[in-house]
Amino acid sequence: MSTSTQSRWSRVIDSIEETLIALLLGVMTLITFANVIARYVFNSNILWALEATVFLFAWLVLLGASYAVKHSIHIGVDIVVQALAPGPRKVLTLIATLACVAFAALLLKGSWDYWYPFVTTRAFLETEDIPMPDVLQFLSVWLNDGEKYEKIPRFIPYAVLPISMALLTYRFLQTAWRVFTGQQEFLLANHEVEDLMEEAAKSDLPGNSKSED
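Computed from a predicted structure; not experimentally measured.

Draft legend 1. Local environment of the environment of L143. Inspection of the secondary structure assignment puts L143 in helix α5 (residues 138–143). The spatial distance from the C-alpha of L143 to the C-alpha of V119 is 7.2 Å, given a sequence separation of 24 residues. With residues up to four places along the chain from it excluded, the contact list for L143 reads V119, A123, Y149 and F155.

Draft legend 2. Quick peek at helix α4 (residues 86–115). For α4, built from 30 residues, the straight-helix expectation of 44 Å at 1.5 Å per residue is met to within 8% by its first-to-last C-alpha distance of 42 Å. Taken together, the buried positions of α4 are occupied by R89, T93, L94, T97, V101, A104, S111 and W115.

Draft legend 3. Examining the pattern of salt bridges more closely. Summed over all chains, the structure comprises 3 salt bridges. Two residues, R171 and E17, come together in a salt bridge whose shortest N-O distance is 2.7 Å. With R171 in helix α7 (residues 160–180) and E17 in helix α1 (residues 3–40), the pair connects residues that are 154 residues apart, well separated along the chain. When sorted by exposure, R171 lands in the same class as E17, which is buried. Among the salt bridges present, the one from D113 reaches K109, with a minimum N-O distance of 2.6 Å. Of this pair, D113 and K109 both sit in helix α4, 4 residues apart, which is roughly one turn of the helix.

Analysis parameters
- Residues numbered from 1 in each chain as written.
- Predicted model: local features only at pLDDT ≥ 70, side-chain atom pairs only at ≥ 80, totals over all residues.
- Heavy atoms only, no water.
- Helix = DSSP H or I, 4+ residues; strand = E, 2+ residues; numbered from the N terminus.
- Contact = heavy atoms within 4.5 Å.
- Expected span 1.5 Å × (residues − 1).
- Buried < 20%, exposed > 50% of the residue type's maximum accessible area, 1.4 Å probe, protein only.
- Salt bridge = Lys/Arg side-chain N within 4 Å of Asp/Glu carboxyl O.

Set out below in structure tokens:
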């Protein structure tokens, strides 16, 4: 695969990931707001709101994990790594990144093994309250012997498990490659954030500010 193709593929995944996170946050906020209005203004309740919000929040957190790897914003301790010389630092960072790749791959395997029965032998299992949209009833023909779903089948919300773990594995592989090729020095970017804050503080000093006409 050429570098340009890899770059385009990476941009597509970035766009999908960021769009999904924004949509999930927006939909979760709208459902919660609508339920509050229904409860306190109309003395009613959206029965499926709580369960839907829980699933949306799970999607948001799990997809956000891979997004955080992409932007190196996971919390961690890198005191020892920063104290090393550039050569050993790169080796240790690469080992740590490959360990993260292995861990993410194990999570991917486990999440797939957990989710797969829900789309095969347990495809009849539904969520508690979330109604099944008519536009998705074709799934009942494919997976439920033609018997219509009253509620959303569990394999739909549970699909975030293999999807998010696949993205997490992909992000760690990206990071490993960047460390190996010298494009990235640390697994975390905490020190870079501090440097940026110091640079911003210096630029705000009176002597560094641009004079106005």
